[in-house]
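Residue-level structural notes
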Amino acid sequence: MTADDSFGRLDDDDYPAYTMGRAAEMLNTTQGFLRAIGEARLITPLRSAGGHRRYSRYQLRIAARARELVDQGTPIDAACRIVILEDQLEDAQRINAEYRRGAGPSGPPAA
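Residues numbered from 1 in each chain as written. Predicted model: local features only at pLDDT ≥ 70, side-chain atom pairs only at ≥ 80, totals over all residues. Heavy atoms only, no water.

Attention now moves to the packing of aromatic side chains. Evaluated as defined, the whole model comprises zero aromatic pairs. The ring of phenylalanine 33 carries arginine 67 above its face, with NZ or CZ at 4.5 Å from the centroid. (Phe/Tyr/Trp six-rings, centres within 6.5 Å; stacked < 30°, edge-to-face > 60°. Lys NZ or Arg CZ within 6 Å of the ring centre and 35° of its normal.)

Structure (structure tokens):
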């Protein structure tokens, strides 16, 4: 991979560009918090060749939402579950909107 390839991937929300230390700093949280949400299976960071955790921008947004809930007093396990459900709801709404656009004015296709 060339340097040009690496820079192009920085626009990719799923590219694991951030180390654990940098991710914790960006979120104003601790590395322990990132480990805890990993253990709760909210996010699964990619591992570098040396075994270090790497986080994507998408994962940082998810972690930030969990941090927000925890800061409001929600237990970490519950916060992780809420974030997972919010993410699933967003996906379902997106799929539903795509379905509606595809159905057109005559309604959904007959089964």
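With respect to the element layout, threonine 29 can be found in the loop between α2 (20–27) and α3 (31–39). Residue threonine 29 is classed as buried on the basis of its relative accessible area of 16%. Polar contacts involving the side chain of threonine 29 include one to the side chain of arginine 67, which spans 3.0 Å. Setting aside its immediate chain neighbours within four residues, threonine 29 contacts Ala24 and Arg67. (Helix = DSSP H or I, 4+ residues; strand = E, 2+ residues; numbered from the N terminus. Buried < 20%, exposed > 50% of the residue type's maximum accessible area, 1.4 Å probe, protein only. Polar contact = N/O pair within 3.5 Å; in protein donor to acceptor, adjacent residues only side chain to side chain. Contact = heavy atoms within 4.5 Å.)

Looking now at the packing of α2 against α3. Interaxial distance between α2 and α3 falls to 8 Å at its minimum, and their mutual angle equals 105°. Classed by the angle they form, the pair α2 and α3 counts as roughly perpendicular. Contacts between α2 and α3 involve Met20, Gly21, Ala23, Ala24 and Leu27 from the former and Gln31, Leu34 and Arg35 from the latter. Split into classes, the residues belonging to the contact of α2 with α3 amount to five nonpolar, two polar and one charged. (Axes fitted to C-alpha atoms, helices over the stretch in contact; angles between N-to-C directions. Parallel < 35°, antiparallel > 145°, perpendicular 65-115°, else oblique. Nonpolar A, V, L, I, M, F, W, Y, C, P; charged D, E, K, R; others polar.)

Next up on the list: α3. For an α-helix, 3.6 residues make a turn, and residues three or four places apart therefore share a direction. Burial in α3 covers these residues: Phe33, Leu34 and Ile37. Seen from one end, α3 has its buried residues packed into an arc of 100°, which puts them on one side. On its buried face, α3 sits against α2, β3 (53–55), α4 (57–71) and α5 (76–103). Following α3 by one or two positions, arginine 41 has its phi on the positive side, about 65°. (Arc of directions from axis to C-beta.)

Next up on the list: α4. Between the first and last C-alpha of α4 there are 21 Å, a value that for 15 residues agrees with the 21 Å anticipated at 1.5 Å per step. When α4 is considered as a whole, its buried residues turn out to be Gln59, Leu60, Ile62, Ala63, Ala66 and Leu69. Buried residues in α4 make contact with β1 (18–19), α2, α3, β3 and α5. Where α4 ends, the next residue or the one after it, glycine 73, has phi of about 105°, a positive value. (Expected span 1.5 Å × (residues − 1).)

One finds Leu34, Ile37, Leu42, Ile43 and Tyr55 to be the most contacted residues of the largest nonpolar core, which totals 18 residues. Among the elements that line this core, the one with the most residues is α4, at five residues. Discounting chain neighbours no more than four positions away, the residues touching isoleucine 37 are Leu42, Ile43, Ala63, Ala66, Ile76 and Cys80. (Core = buried A, V, L, I, M, F, W, Y, C linked by side-chain atoms within 4.5 Å.)

Tallied over the full model, the rule gives eight salt bridges. Between arginine 94 and aspartate 91 there is a salt bridge, with its nearest N and O atoms 3.9 Å apart. Taken as a pair, arginine 94 and aspartate 91 lie in helix α5 at a separation of three residues, close to a single helical turn. Under the relative-accessibility criterion, arginine 94 is labelled partly exposed at 41%. Via salt bridges that share partners, Asp13, Arg57 and Arg61 belong to a single interconnected network. (Salt bridge = Lys/Arg side-chain N within 4 Å of Asp/Glu carboxyl O.)

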